[in-house]
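Tertiary structure, described
Each chain, letter by letter, is given below.
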Amino acid sequence: MIGGGPSAGPSAPGATRRRPVVEPAVALESSIAPVDVDLSVDLGRGLVLANPILVASGTFGYGIEYGDVVEVDRLGAICCKGTTLKPRIGNITPRVTETPGGMLNSIGLQNPGVDAVIEKYAKTWTGWKTAVIVNVAGESVGDYVEVVRRLDGVPGIAGIELNISCPNVGKGGLQFAIDAEAAGSVTAAVRRATDLPLLVKLSPNVADVRPIARAIADAGADALTAVNTLSGIAVAPSRTKPLLGNIYGGLSGPAIKPVALRIVYEVAQIVDIPVVAIGGITELGDVLDYLAVGAVAVQVGTAIFADPTLPVRLVDELAGECRRRGLSTYADLIGTALPRKPGAPSAKGVEYRP
Amino acid sequence: MTMRLVRTELVESREILPGQWLQSFHAPALATGSRAGQFVHVRTGDLSGLVLRRPFSINTADPISGVITIHYRTIGRGTEWFTRLRPGDGVDMLGPLGRPFEVDSRSRHLLLVAGGLGMAGVRYLADEALRDGRQVTMLFGAASARDVYPSSLLPDEVEYVIATDDGSVGHRGFITDLVPDYEAWADQAFACGPAPMLAALARLAAGRRERLGVARLGRKRGGGKVDARGSAVARRKAFLQVSMEQNMGCAVGACLGCVIMGANGAPQRVCREGPVFAAEEVAWESGW
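This one's a predicted model, so the numbers in the text were calculated from it and none came from an experiment. In this numbering scheme, every chain counts its residues from 1 along its sequence in written order. Lettering for chains starts from A, numbering for ligands starts from 1, and both go in the order in which the items are written. At least 70 in pLDDT is required for a residue's local features to be given in this predicted model, at least 80 for side-chain atom pairs to be given and counted, and no such filter applies to totals for whole chains, interfaces and linings, which use all residues.

Some details on the pairing of strand β3 (residues 39–42) of chain B
Residue and element names in this part refer to chain B. To assign burial, the other C-beta atoms lying within 10 Å of each residue's own C-beta are counted, with C-beta atoms placed from the backbone; 20 or more indicates buried, 12 or fewer indicates exposed, and intermediate counts indicate partly exposed. Numbering of helices and strands runs from the N terminus; a helix is a DSSP stretch of H or I covering at least four residues, while a strand is a stretch of E covering at least two. Taking every second residue as pointing to the same face, both faces of β3 are buried, with Phe39 and His41 on one and Val40 and Val42 on the other. Bridge count between β3 and strand β4 (residues 54–57): four bridges; the pairing is antiparallel. Within the sheet, the bridge partner assigned to His41 lies in β4 and is Pro55. Strand pairing is defined by DSSP finding a minimum of two bridges between the two strands. Inspection of the sheet shows β3 paired to strand β7 (residues 90–97) by three bridges, in the antiparallel sense. Counterpart to His41 in the pairing with β7 is Leu94.

Overview of the packing of helix α2 (residues 114–126) of chain A against helix α3 (residues 141–151) of chain A
Residues and elements named next belong to chain A. For helices, the fitted line uses only the C-alpha atoms of the stretch in contact; every axis is such a line through C-alpha atoms, and the angle between N-to-C directions lies from 0 to 180 degrees. With their axes 10 Å apart at the nearest point, α2 and α3 run at an angle of 20 degrees to one another. For the element pair α2 / α3, the angle class is roughly parallel. In this structure, α2 meets α3 at a crossing whose hand is right-handed. Contacts between α2 and α3 pair Val114, Asp115 and Ile118 from the former with Val147, Arg150 and Leu151 from the latter. When an angle is under 35 degrees it counts as roughly parallel; over 145 it counts as roughly antiparallel; between 65 and 115 it counts as roughly perpendicular; any other value is oblique. Crossings are assigned a handedness: left-handed for a near helix turned anticlockwise from the far helix by less than a right angle, right-handed for a clockwise turn. Each residue is represented by a C-beta atom placed from its backbone, and any two residues with such atoms within 7 Å are regarded as in contact.

What about helix α5 (residues 195–206) of chain B?
All names here are of chain B. To estimate the expected span of a helix, subtract one from its residue number and multiply by 1.5 Å. Relative to the 16 Å expected for twelve residues at 1.5 Å per residue, α5 spans 16 Å between its end C-alpha atoms, a close match to the ideal helical length. Along α5, the residues that are buried comprise Met197, Leu198, Ala200, Leu201 and Ala205. In an axial view of α5, the angular spread of the buried residues amounts to 160 degrees, which keeps them on one side of the axis. Of the exposed residues in α5, those oriented more than 90 degrees away from the buried face are Pro196 and Arg203. Residues of α5 that are buried make contact with β8 (109–115), β9 (135–142), α4 (179–182), β12 (188–192), α6 (208–212) and β13 (240–243). Directions drawn from the helix axis to the C-beta atoms are what define this arc.

Overview of the domain arrangement of chain B
Residue and element names in this part refer to chain B. One can read the domain layout of chain B as domain 1 (4–97) and domain 2 (109–281). These domain limits were set by an automatic method or by a database of domain assignments. Spacing between the C-alpha centres of domain 1 and domain 2 amounts to 23 Å. Those elements giving two or more residues to the side of domain 1 that touches domain 2 turn out to be β1 (4–17), β3, β4, β5 (60–62), β6 (67–73) and β7. The dominant element in the side of domain 1 that touches domain 2, judged by the number of residues it contributes, is β6, at three residues. Residues are grouped as follows: Ala, Val, Leu, Ile, Met, Phe, Trp, Tyr, Cys and Pro are nonpolar; Asp, Glu, Lys and Arg are charged; all remaining types, including Gly, are polar. Of the residues that constitute the side of domain 1 that touches domain 2, the class distribution is twelve nonpolar, six polar and two charged.

Structural notes on the interface of chain A and chain B
Listed as interface residues are 32 residues of chain A and, on the opposing side, 27 residues of chain B. At the level of elements, β5 (96–99), β6 (102–105) and α8 (303–306) of chain A are the ones that each hand at least two residues to the side of chain A that touches chain B. By residue class, the composition of the side of chain A that touches chain B is 13 nonpolar, 15 polar and four charged.

Okay, here's the thing in structure tokens:
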């Protein structure tokens, strides 16, 4: 599944996005035999996933925590918990709280460090059909490069997702995601350090994400993930202080979907690399929305906490949707809501922003 | 039993105290496969509004009827949703989760200490201990008489001792004031309640041996070898075990949201290493 073989996926630059949808006549539906739907997706550099439903970093640990409750082998890929060079104990508690239609978290990148992650989990991952993408965080370009060097060539690791947008750590993290030049240089440095497929995760906490996305793409990223959590706070019930120990947390869940959709919509129109969408997916309709605005794959995150079986069910439902519409590949669902003409006002404008 | 997703059905629901509910669910897998101290992570009905499950201690479990109970206070939209459930309604539970209380096989006298809703954390252990032929004393603390857990909901064999902040029933003051009276009698203590109460109990437990002048005769428990901190064996030898609480996300150890600071300087997941900890595993003064 990973590596090797020509891509049958929908992400070859320019090839399939913005393809007009073929709406089969309803009458056809019953007459066509169930087709074997191609759900495979190429995220670049040989990272070909069996399907476009991934699980998001920080919500699925290292892939083992849910045990038998989740059929891990049926997921498109697993993005593991953010990994740093040295172990981190993370932020003071409370770290999570529910908010209207979402949740705030401020874990603070608690993790045992890259060496321990490799030692504890890589062997297990080698035996899985599902690709494991290691989410990498750091405080400096040197940190990112060193972590990636250690992951490079380790069996069981299919790709890297650069977390330059964690809102919950004081130093580093977010600073790389809010400046095009910094985002480009950390991407370029990591690119030089590894041949592993490289995804870079965008922050929504910027006025205009497009120059940043472009800089990351130009620096050699294979794909973009959009988006990380939105910075927010909650107030403690006593109303005498903020609720989270770290004061600031990252907002996720259905509450952020319109924002994430807008960013995917903007980014998909200006980069030629695949965009993996994330933000508030709880049902198939959400997946279809993200595909329509140009994403080639999606990550499910917060919704896993309520329903750990959701990602695998979405794989089946996406295939079912394609069958129902007589499509042999879900690629036909991608980009259908994007402007037909390049340069349409929505592609360049920020007019609607307050 | 390893955790699994279980479809349960509400059997009965009643408000046992103002704002406090006791609900029973038909869930044979959980009733037979769980141990005292473990919890379930329960899905609310409205995923788009309430994105997180709610963790509840398994309050009681009856393998014969296949029924488990949960006991909670309504504190928000999630718990209010649960109160509106009617008999026959289906509820999705993930469980059993977390690690249970570990009782030493030689312990005859168990001291259970509960503060308020902390009753839900230790209630199951009373049943388990009586079944195993142990004696149980339950110390219970609440703000006032109206918040006192009904004795009718406890087994007759349990000695039930109450303290209230306003003195409206039982001892006037903190329940922890009464613990020294029992520390010689008790072989082990198990507690659940507000963090300051648990911290006070931990301080008491730490000085217990010296106060009692305990000189262990004969073979040392465990033959003197040191067991790995946090292991079931090490916990079994601890005098005080506490059931901890923390805001929770996934409840399976993936999100690292529900940690408390461990005495070893490393965050401990309440959902995975806990919710039960030996008192000495917790860094009580860490401010986490």
